[in-house]
Amino acid sequence: MTHGVLVIEDEATLARNIGRYLGRAGFEVRIAGTLREGWFAYETFCPDVILLDLALPDGNGLDLLARFRAHDRLAKVIILTGHGSISTAVEAMRAGAADYLTKPIALGELHILLDKVLGQGRIEEALKYFQGRDARDSGLAAILGASPAIAALLAQITRLIEAERSLPPGEMPAPVLVRGETGAGKELVARALHFDGARSTQPFIELNCSVLPSQLVEDELFGHERGAFTYARDRRLGLIEAAHGGTLFLDEIGELEPPVQAKLLKVLEDRTVRRLGAVRERQVDLRFIAATHRPLEDLVQQGRFRADLYYRISVVTLTVPPLRERREDIPILARHFLAQQARRYGRPHLTLDAEAASALIGHAWPGNVRELRNVMEQAALSSGADGVVRAVNLALAPLGSRTPEPSVQTLPEIERASLLLALERAAGNVSRAARSLGVSRDTMRYRMSKHELDSGHGSSEI
């Protein structure tokens, strides 16, 4: 890809040398010697990067920098300055310049700097694209349905959004807890609160707490300083800091370990976060949304979830109804997903016949909206050349073969059961059980201690 570089420099020899060098390197170059010529070239050439001298015959380059930034806040400007004007270059950086070079210019260094600035520009454009796409695919309009249950949920979300818009600047909205079965659409609710709310132009950061070990979840949320632990070779920003000004969405919050719960409560109470290994706390301002498919009250009773955190995150509670409780929405959702898959696979004019629609309405939908989406994708691929989706094209599990909300074991429960099974098969021999699990004996002893299996299970020290 050929990138355009505008050189605004009144030293003709320097400008000509820069132009020749960059031209040989594959850049398209325009040269201007004054503020007026520079602005005209900017408007007609539309460069990717501008090299701007501060001392020009008809004025100060800082004035042109301000004009560039007012026209395009993402304009990439590199300042060219003499050694005696470095303080002015620093002022230009504060005004939005991407970087600066001091004269005499090292052309090799200029090439490296251009590559760096252009790389940052590509990242910013990609981020802008993905943020725009998220905004288009999210919001209240993404929650489809005409049932009373969905209408009530949309009304609740709308009231919350309006309440947030009335808050004074810098005040954090009340935390929201979204309840609902797996696949019901809890993430859509979180996205609607963000992308239709007052923070829509700020980051939307999400983390599923069930997919990572507790140590990694803590590092993901809080970040770390260089040297905080063995492999911490660089400073790392946590997701809480990354969400500053926007929204932090924690899905399956019931999976958090107690130490992480305590640190998260402190963030919500004090509005501060401390990276692992850091001594300084940092102020954060964010909207906090959590989601769970599990009854947190039961986890509180079992001592597996902090009561104070539960009360803090459930100031506002929204419940997403399961699909079986809003059957009138099933044809609407089915046709929506069918149209999506038709576009994806290049199969226009896919339709749903009456028998197929009736089968969808009568299904139990233990996997809720997510299951319906997957069924419609399979139907789009298996339907005939006429484009009609019939009941035979629907991969529906037999009614009654699955419970509406399947029982899901937690990772600690699975680990404990695996340890017990290994010990039972090894007749209580810890070393043999460890080998069968592919871990060291010390790791096996540690895991047994963690799950209180040190005694009473016939374990042998051999």
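Read on for a plain summary of the structure. All values reported here derive from a predicted model rather than from experimental measurement.

What follows is about helix α2 (residues 35-45). When α2 is considered as a whole, its buried residues turn out to be L35, G38, W39, A41, Y42 and F45. The buried side chains of α2 occupy one side of the element, clustering within an arc of 165 degrees when seen end-on. Exposed residues pointing more than 90 degrees away from the buried face of α2 are listed as R36, F40 and T44. Packing partners of the buried residues in α2 comprise β1 (4-8), β2 (28-32), β3 (49-53), β4 (55-56), β5 (59-60) and α3 (61-71). Note on α2: the residue one or two positions beyond its end, C46, has a positive phi of about 50 degrees.

For any two aromatic rings, the description comes down to two numbers: the centre-to-centre distance and the angle of the planes. Following the criterion strictly, the structure yields six aromatic pairs and no others. For the pair Y42 and F68, a centre-to-centre distance of 4.6 Å together with 50 degrees between the ring planes defines the contact as tilted. Note that Y42 is positioned in helix α2 and F68 in helix α3, a separation of 26 residues in sequence. Like F68, Y42 is buried. With a centroid separation of 5.7 Å and 45 degrees between ring planes, the pair formed by F195 and F204 is classed as tilted. By relative accessible area, F195 is classed as buried at 12%. Feature note: the residues W39, Y42 and F68 constitute an aromatic cluster, connected by ring pairs. Residue placement shows R67 over the ring face of W39; its charged tip is 4.0 Å from the ring centre. Taking NZ or CZ as reference, K263 lies 4.5 Å from the ring centre of F222, over its face.

Definitions and cut-offs
Residues numbered from 1 in each chain as written. Predicted model: local features only at pLDDT ≥ 70, side-chain atom pairs only at ≥ 80, totals over all residues. Heavy atoms only, no water. Buried < 20%, exposed > 50% of the residue type's maximum accessible area, 1.4 Å probe, protein only. Helix = DSSP H or I, 4+ residues; strand = E, 2+ residues; numbered from the N terminus. Arc of directions from axis to C-beta. Contact = heavy atoms within 4.5 Å. Phe/Tyr/Trp six-rings, centres within 6.5 Å; stacked < 30°, edge-to-face > 60°. Lys NZ or Arg CZ within 6 Å of the ring centre and 35° of its normal.

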